[in-house]
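# Coordinates in review
These are the residues of each chain, in order.
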Amino acid sequence: MRCEDVQHALDGQLLGALKREDAAALDAHIATCRECQAVVADARRLQAEVRLIGTEGPSPRSWERIAASLENDPEFQRTAAADLQSDRRVWRLDWRWVALAAALILVVASSLLFLRRSLDSSAAPAPLAASAPADAGSDDLVTSIESELDLAAKHYENAIAGLERVANDSESPIDPALMATVKTNLQIIDQAIDDSRQALRTDPQSQFAQESLFDAFRRKVTLLQDTISLMNEMRKGNPARATAIASGLNKG
Amino acid sequence: MRGIWRGVMCAGVLTAAWLPAAGAAAPHEAAIPLGAVDSAQPAPPPPPRPAPRPEVRVHERQIRRDAERGWVDSEVIVRPFTGGEGITLDLMNMLGDVVVVGSKGRDGRLSIVRRVRGHGPDTEELLRTFAIDVSEYANRVAVRTSMPSPEHPPGRGYRPRVRTDYEIALPSGTALELKNMQGNVRLTNLGGDVRVEAMAGDVVGEALSKVRMLRSMSGDVMLSRSVVEGDANLQSVSGNVIASGVKAGSLTMGTVSGNVQVKSSSSGRAVLRTVSGDIEFASSPRKAGRYELKTHAGDIFVSTGGGGFEFEATAFKGDVQSDVPTHPGAPGSRQVRGSVGDGSAFFDLTSFTGDIRVMKKQER
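The following refers to the structure shown. It should be emphasised that the depicted structure is a prediction, and the values quoted were computed from it without experimental measurement.

### Quick word on the overall build of chain A
Within chain A one finds 10 helices and 0 strands. Along chain A, helices and strands appear, N-terminal first, in the series α-α-α-α-α-α-α-α-α-α. Expressed as a percentage of its 252 residues, the buried residues of chain A come to 29%. Contacts in chain A between residues at least 24 apart in sequence constitute 65% of all its contacts with a sequence separation of at least 6.

Below is the structure:
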């Protein structure tokens, strides 16, 4: 095996499609080629890092806390100041990050405003609608972001509706007792959603209730996805039925 | 062993002799109205039931055992396979228990027992025809159960059940990918990557090194006495999730309706979540460790054996209690903060309707 073939062979190994003799040739080549050993080591390190990152990052509050700690850390301040003085390129780069961070803060703040208004449509006044005409530009921006988020929320709700429709399929191959368990747990999550909505109506500013609501939404989507994945596993060997499930997902 | 059986048989005989009398007395007492105790004559006790002869008892016991189990077994099938680093055992099972034990060397072994439960002429035929396919590729061993469709579909009400139980000796370093639709899974002493998804049944792991995922839709997930490289991910939907005596880079544990427990364990990071259950963290935090515990309708209980930590507890409707000095958190929130020792580790605790309790000494 040549070095040019190693990447292809590694891909095949990852997919489980590598023949036994090719695997032996790959092992033999890697054992003797230092460059390819490095390639394999990099690939494994990357895999491990991706696994460690996981699907969930720290919560927004955790990030706030990290940022606050760094701001209050004199050693961090001193090092950051020294870096800024010594290298103007770094300084410019830092300002790009600051601009990006500012944009992100704007998006997050706007999304929270949107969330508050959309969840409390009956009672909550539109905070920016009453602002001065001088703020018309920022109003437009926020309104635009709100529209985007509104659209995203609708997609989100449609996705849940589609998932629910598939999961409630009367021809579900899942054992009825297991399906009953799934439905019970969906009701538990629905209760959490209702609790969070209720809390937001009482206190539209509550970040805790907002996080709780979105957490419950995410959990519901995950559970529905897992349920459908299970149904697909059960129907393996019946591609026509699996296709029907997939098309059902797009009807939301 | 013989003594135990004798004891069980004696207990059975005594219970059989006592049950008819007890069973007769209860309905009799319940049938008498309270106001009629003085006037009503108590009903005569039923005649004692003659003790069954030993051969009858054996026959009845056999019938009862058949009704409880009713499984017709095939012979044990043993399939060897080659495992080791870089090889994955990929097993999908519909119904049955799976036991996987780590072994030395590169020689693995599958011990498979097929079982059919049902009645009618097709049962024996079914047992003969449903097959286990074991396919070995360069870096994957795939095991599947295949059941041919019957030529003559059975009539209404006929529900044969087919299960396959596995006992697997898995060579050191071999990765395991297991999907078990219904049945319990037990894993012991495995050095390779482990990913198990059980739909209905418990998943129990012990002495595992690389826990990519242990998950059950309906059942408990437990990991004990393990030193895990990187993250240990334990998930359930309806069941408890427990880590006991686990040392890992990080712990990710979650369920919807069940409790989450971390006992006598150590990890640099932990994300523990449930919706309607409680969370218990009874372990010492690591220096600079970060622990996020979140439940919606349950309580959170943290008890640490030592080490400095800081915590931030938010209970939207419940109370926060602690044996360490606390102070209010963010203005207008129901947040409480506290610190112990150097405060290097950090706990982020949130419960929507439940209570939160933080103790610096382990109580339980």
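Okay, back to it.
### Side note on helix H2 (residues 20–32) of chain A
Residue and element names in this part refer to chain A. If you check H2, its first and last C-alpha atoms are 19 Å apart, about what 13 residues at 1.5 Å a residue would give, namely 18 Å. Listed as buried for H2 are Ala23, Leu26, His29 and Ile30. One side of H2 holds all its buried residues, which, seen down the axis, span an arc of 125°. Exposed residues lying more than 90 degrees from the buried face of H2 are Glu21, Ala31 and Thr32.

### A short note on the side chain of threonine 252 of chain B
Residue and element names in this part refer to chain B. Among the secondary structure elements, threonine 252 is positioned in strand E13 (residues 241–254). Overall, threonine 252 belongs to the buried group, its relative accessible area being 18%. If we ignore the near neighbours within four places in the chain, the residues touching threonine 252 are Asp231, Ala232, Asn233, Leu234, Gln235 and Val271.

### Comments concerning the interface of chain B and chain A
Contact with chain B, which involves 44 residues of that partner, is made by 40 residues of chain A. Counting the contacts that link chain B with chain A gives 2 salt bridges. In this structure, arginine 215 of chain B and aspartate 226 of chain A form a salt bridge, with 2.9 Å as the shortest nitrogen-oxygen distance. Our enumeration of links across chain B and chain A arrives at 5 residue pairs in polar contact (both at pLDDT 80 or more). Tallied by class, residues from the side of chain B that touches chain A come to 14 nonpolar, 15 polar and 15 charged.

### Some remarks on unusual backbone geometry
Residues and elements named next belong to chain B. The phi angle at alanine 207 is positive, at roughly 55°, despite the residue not being glycine. Even without a glycine there, the phi angle at arginine 225 is positive, about 45°. By secondary structure assignment, the location of arginine 225 is in strand E12 (residues 221–238).

### Focus on the pairing of strand E4 (residues 98–103) of chain B
Residue and element names in this part refer to chain B. Residues of E4 alternate between two faces, with Val98, Val100 and Gly102 buried on one and Val99, Val101 and Ser103 left unburied on the opposite face. Sheet topology places E4 next to strand E10 (residues 185–200); 4 bridges connect them, and they run parallel. Bridge pairing links valine 98 to valine 185 in E10.

### So, a negative patch on the surface
Residue and element names in this part refer to chain B. Together, Asp278, Asp299, Asp319 and Asp355 make up a negatively charged patch on the protein surface. By secondary structure assignment, the location of aspartate 299 is in the loop between strand E17 (290–295) and strand E18 (300–303). The exposure class assigned to aspartate 299 is partly exposed, which follows from its relative accessible area of 34%.

Procedures and definitions
- Residues numbered from 1 in each chain as written.
- Chains lettered and ligands numbered in written order.
- Predicted model: local features only at pLDDT ≥ 70, side-chain atom pairs only at ≥ 80, totals over all residues.
- Heavy atoms only, no water.
- Helix = DSSP H or I, 4+ residues; strand = E, 2+ residues; numbered from the N terminus.
- Buried < 20%, exposed > 50% of the residue type's maximum accessible area, 1.4 Å probe, protein only.
- Contact = heavy atoms within 4.5 Å.
- Expected span 1.5 Å × (residues − 1).
- Arc of directions from axis to C-beta.
- Salt bridge = Lys/Arg side-chain N within 4 Å of Asp/Glu carboxyl O.
- Polar contact = N/O pair within 3.5 Å; in protein donor to acceptor, adjacent residues only side chain to side chain.
- Nonpolar A, V, L, I, M, F, W, Y, C, P; charged D, E, K, R; others polar.
- Pairing = 2+ DSSP bridges.
- Patch = residues over 30% accessible without salt bridge, like charges linked within 9 Å, V, L, I, M, F, W, Y side chains within 5 Å.
- Areas by Shrake-Rupley, 256 points an atom, 1.4 Å probe, with all protein chains shown as cover.
- Lys, Arg positive; Asp, Glu negative; His and termini not counted.
- Charge placed at Lys NZ, Arg CZ, Asp CG, Glu CD.

Without other data, these values stay purely geometric and don't point to any function.
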